[in-house]
Amino acid sequence: MSLQEKVAAITGSGSGMGRQTARLFAERGADVLVVDIDEAAAAETVELIEADGTPGSAAAATADVSDPGDVEAFVERAVAEFGSLDVLHNNAGIAQESTPVTDVEIETWDRIQSINLKSAFLGAKYAVPHLRESDGGVILNTASTAAIRPRDGLSAYVASKGGMVALTKGLAYELAGDGIRVNAICPVATDTDMLPEFAAGDLTMDTFEESIPLGRLATPDDIAKAAAFLASDDAAMITGSALEVDGGRDI
Ligand code: NAD
């Protein structure tokens, strides 16, 4: 599953599964643009990759993925820095604290859709011209098992991730003629800084673990390995899929 000679931009790679994915991509030979709204976090991921001594190199870019100008800028930065763009990984996202739908603020709904879903549209809008130039462009979108098997009080988050799966399938169909593969990853509850942010009321950290048949949370590495596979030429015939990395949660 080599990623040699590929250039990848990974959003939200200043933390959690995005950071681990950036490290694994570089280990497998990709040059990686580490994109995050948190400048220091992105820089720290680049430092970790440099310390890993990977064959692939890394650079950091600060961007808010819900801002069209920022997205266009990080896409152009990847091409300027590394000469091309082969993989766009729309991974950045935010949680929703479990809340009854009647209490969800309108601003909260809009913010979650902007960061979790509009971001992937913006990424495609600006990256596709470059991905068309690649010998096998790839878009990866981080959705969630929440899109398939929702949990209590996550209406805005669930809708954003369901939209991500639908957008993935729509783009996969639209871009197949350009040789661009588009897939989603649906992680189950994963041990990152984000996970406790969902918990409130009846939705507790215990609930997450107990509901996963394999008996543990996912790790960032579980998710990174799935992303590395989907980004690689080993997945050349896979497009429009939403791969559940879920320890059986969605059975
Ligand atoms: P995390 O909080 O560890 O990392 C998210 C990163 O995204 C952070 O570095 C943050 O600074 C960045 N970010 C947030 N808003 C941004 C913005 N507007 N622009 C650019 N960067 C921004 O979380 P994680 O668990 O690694 O989540 C990664 C993705 O996985 C998200 O899309 C999340 O919804 C999804 N997911 C998480 C879980 C889980 O249980 N952790 C499960 C399923 C799906």
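Residues numbered from 1 in each chain as written. Predicted model: local features only at pLDDT ≥ 70, side-chain atom pairs only at ≥ 80, totals over all residues. Heavy atoms only, no water.

**Some thoughts on the nonpolar core**
Nonpolar side chains tend toward joint burial in soluble globular proteins. In this structure, F25, V32, V34, L140, F198 and F208 are the most contacted members of the largest nonpolar core, which totals 42 residues. Secondary structure elements with two or more residues in this core: strand 1 (7–11), helix 1 (16–27), strand 2 (31–36), helix 2 (39–52), strand 5 (138–142), helix 5 (155–175), helix 6 (195–198) and helix 8 (220–231). Here the element with the most residues in this core is helix 8; it accounts for seven residues. The next biggest cluster of nonpolar side chains, apart from the first, holds 27 residues, and it includes V75, F82, A172 and I180. (Core = buried A, V, L, I, M, F, W, Y, C linked by side-chain atoms within 4.5 Å. Buried < 20%, exposed > 50% of the residue type's maximum accessible area, 1.4 Å probe, protein only. Helix = DSSP H or I, 4+ residues; strand = E, 2+ residues; numbered from the N terminus.)

**Topic: the pairing of strand 5**
In terms of residue burial, strand 5 counts as a mostly covered element, since five of its five residues are buried. The pairing of strand 4 (residues 87–90) with strand 5 spans four bridges and is classified as parallel. Residue pairing for strand 5: V87 is matched across the bridge by V138. The β-α-β motif built from strand 4, the intervening helix 4 (residues 106–131) and the parallel element strand 5 has right-handed crossover chirality. Where strand 5 lies against strand 6 (residues 181–187), five bridges are found, and the strand directions are parallel. Counterpart to T142 in the pairing with strand 6 is I185. A crossover connection joins strand 5 to the parallel strand 6 through helix 5; in handedness this β-α-β unit is right-handed. (Pairing = 2+ DSSP bridges. Right-handed = clockwise from strand over helix to strand, strands pointing away.)

**Remarks on the packing of helix 3 (residues 68–82) against helix 4**
At their nearest, the axes of helix 3 and helix 4 sit 9 Å apart, and the two run at 30 degrees to each other. What the angle tells us is that helix 3 and helix 4 run roughly parallel. In this structure, the crossing between helix 3 and helix 4 has a hand that is right-handed. Between helix 3, through P68, V71, E72, V75, E76 and V79, and helix 4, the contact on the second element is made entirely by L122, G123, Y126, A127 and H130. Tallied by class, residues from the contact of helix 3 with helix 4 come to seven nonpolar, two polar and two charged. (Axes fitted to C-alpha atoms, helices over the stretch in contact; angles between N-to-C directions. Parallel < 35°, antiparallel > 145°, perpendicular 65-115°, else oblique. Left-handed = near helix turned anticlockwise from the far one by under 90°. Contact = heavy atoms within 4.5 Å. Nonpolar A, V, L, I, M, F, W, Y, C, P; charged D, E, K, R; others polar.)

The analysis is restricted to geometry; functional conclusions fall outside its scope.
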